[in-house]
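# Geometric and topological summary
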Amino acid sequence: MGQCGDRFDSRWGRFAAPRRRVKRKGTLMSGSTFPRILLTILFGLGLVIAPAQAAAPPGVITEYDLPAGSEASEIAAGPDGNLWFTENDRHMIGRITPGGSVTEFPLATGAEPLGIAAGPDGNMWFTEYGAQAIGKITMTGVVSEYALTPGRGPADITAGPDGNMWFTEANGNRIGKITPAGIITEFPLPDTWVLPNGITAGPDGNLWFTANNMIARLTPAGDFTGFPLVGVGDVPFSIATGPDGNLWFTEYQGDAIARITPAGVITEQDLDTSGADYPYGIATGPDGNLWFAASGTNAIGRITPGGTMTQFPTPTTNSSPWGIAAGPDGSMWFTEFDGDKIGRITSGIAVADRKPALNGTGQVGLPWSATPTCGDRRPASRSAGSAMAHPYRGRPGWLTHRWTVISVRRSPAPAPLGCPACSPPCKRRAMRSRLWRR
């Protein structure tokens, strides 16, 4: 039986002695409350990290079905912790949660959305190749469109170092800039440069893009520098900032993954297969490697900064992987153009093992450092090599969404887009060829 002063504990069906009150400098505090408060403070300051979840081995692929004929093209991580993608043939913008739940937002018939990227304003920005426009969609699905001159053929898009969105005009041979307010400026390419396609913000504070047998650099002020490729007909396609401070790109016709330093030195590495890989999108992963979509071999590839390459076939045959991006769950997410699916492939990194922070694009890429300031959540300073001017705002302190990580250290890993014409006749390649008609 309980003694006088004991309380009845309903959890265990018995009497329990009263909790002992411990006096701490004039304040009465439960003996178990102080450690909990201390841990809460330490977690808030980032001095205690939650135990890491066990990471799945790299290369485990899960696929999520889309409606038939979606022709999922590009994909990018959003500031809401989801992945956003374009459906070219169904004229949709799609959103998929890390759990695989898909929501679609319709565009006007004929829009043909292609590239997509997160912007510094917390929205997703995309290109409309068919409608000749740049689009913006909020996290709640509200769409705004900004018309271009007919015939421009907008292809890829990325967040720039100046707080604006930058895009390529594959048919107009221009690089475009659009402010968050929708004001558009165009920069014509030199006469001998044609077919700009993939674009990304580089570690040097400039824009880098692919063109016909050339990698080019563009300053935010509009100054161009070109670096020709050695091989004729290699057709560089997608480009991304790598974990080593260089730019990495795919050579669609050359069946190679290549790297260019900010100084313009190019190194190429052939893929290890039959010569029909047709590498497409490329993005930096949370494991410090580059991941790419091999549309010809229906596989997702991984290449280390040192050049070691591995490919993982997709479960769906004839899937034609296209775009690829790092997700908030430590995996890489990709589109299957012919398979009408969104795929996820594990990188071997658990969520709590990552050390990214959002940088205004919601994407993950090169390390950079910054010191957060209380109140406005923006860094007081950043490294000279940082490509982003506006780290993502709207999350408490400097903890990133879905990550209990304290380090504010990442530059963008923008998503790729587009494709050249190629000889094997199929609807996918016929659609791609439109990007390459003058």
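Definitions and cut-offs
- Residues numbered from 1 in each chain as written.
- Predicted model: local features only at pLDDT ≥ 70, side-chain atom pairs only at ≥ 80, totals over all residues.
- Heavy atoms only, no water.
- Helix = DSSP H or I, 4+ residues; strand = E, 2+ residues; numbered from the N terminus.
- Buried < 20%, exposed > 50% of the residue type's maximum accessible area, 1.4 Å probe, protein only.
- Contact = heavy atoms within 4.5 Å.
- Areas by Shrake-Rupley, 256 points an atom, 1.4 Å probe, with all protein chains shown as cover.
- Core = buried A, V, L, I, M, F, W, Y, C linked by side-chain atoms within 4.5 Å.
- Phe/Tyr/Trp six-rings, centres within 6.5 Å; stacked < 30°, edge-to-face > 60°.
- Salt bridge = Lys/Arg side-chain N within 4 Å of Asp/Glu carboxyl O.
- Pairing = 2+ DSSP bridges.

## Some remarks on the overall build of the protein chain
Along the backbone of the protein chain there are 2 helices and 34 strands. Put simply, the protein chain has 438 residues, and 56% of those count as buried. Relative to all contacts within the protein chain whose residues are 6 or more apart in sequence, the contacts with residues 24 or more apart total 50%. Per element, the accessible surface of the protein chain, about 17200 Å² overall, is 55% carbon and sulfur.

## Points about the nonpolar core
Ranked by internal contacts, the top residues of the largest apolar core, which has 20 residues, are W291, I300, I324, M332 and I345. Elements that contribute at least two residues to this core include exactly strand 26 (279–284), strand 27 (290–294), strand 30 (321–326) and strand 31 (331–336). The dominant element in this core, judged by the number of residues it contributes, is strand 30, at 3 residues. In terms of nonpolar packing, the next biggest core, distinct from the first, is built from 13 residues, W166, L207, F209 and A211 among them.

## Focus on the packing of aromatic side chains
According to the stated counting rule, one finds 14 aromatic pairs in the structure shown. Judged by centre distance (5.6 Å) and plane angle (15 degrees), the ring pair of W166 and F187 falls under stacked. With a gap of 21 residues between them, W166 in strand 15 (residues 165–169) and F187 in strand 17 (residues 184–188) connect regions that are remote in the sequence. Both residues of the pair, W166 and F187, belong to the buried class. Seen from their ring centres, W322 and F337 are 4.6 Å apart, and the 50 degrees between their planes marks the pair as tilted. One end of the pair, W322, is in strand 30; the other, F337, is in the loop between strand 31 and strand 32 (341–346), and 15 residues separate them in sequence. By relative accessible area, W322 is classed as buried at 0%. Here a set of aromatic residues connected by ring pairs shows up, and it is made of F237, Y252, Y278, Y280, W322 and F337.

## Some words on the environment of T304
Within the secondary structure, T304 is located in the loop between strand 28 (299–303) and strand 29 (309–313). For T304, a relative accessible area of 22% translates into the label partly exposed. For the pair T304 and G242, spaced 62 residues apart in the sequence, the C-alpha separation amounts to 9.9 Å. Residue contacts for T304: discarding those within four places in its chain leaves W248 and N289.

## Digging into the pattern of salt bridges
Scanning the entire structure with this criterion turns up 7 salt bridges. A salt bridge links E87 to R90; its shortest N-O distance comes to 3.0 Å. The class of R90 is partly exposed, set by a relative accessible area of 25%. The salt bridge partner of R344 is D329, with a shortest N-O separation of 3.9 Å. Within this pair, whereas R344 is found in strand 32, its partner D329 is found in the loop between strand 30 and strand 31, the two being separated by 15 residues in sequence. Note on accessibility: R344 and D329 belong to one class, buried. Connected through salt bridges with shared partners, the residues E87, R90 and E104 form a single ionic network.

## Some remarks on the pairing of strand 30
Where burial is concerned, most of strand 30 is hidden: 6 out of the 6 residues are buried. With 4 bridges joining them, strand 30 and strand 31 adopt antiparallel strand pairing. Opposite P321, over in strand 31, you have E336 as the bridge partner. Between strand 30 and the antiparallel strand that follows it, strand 31, lie 4 residues; G330 among them carries a positive phi value of about 85 degrees.

## Here's the deal with unusual backbone geometry
The phi dihedral of Q132 falls on the positive side, at around 55 degrees, and the residue is not glycine. Here Q132 shows up in the loop between strand 11 (124–128) and strand 12 (133–137).

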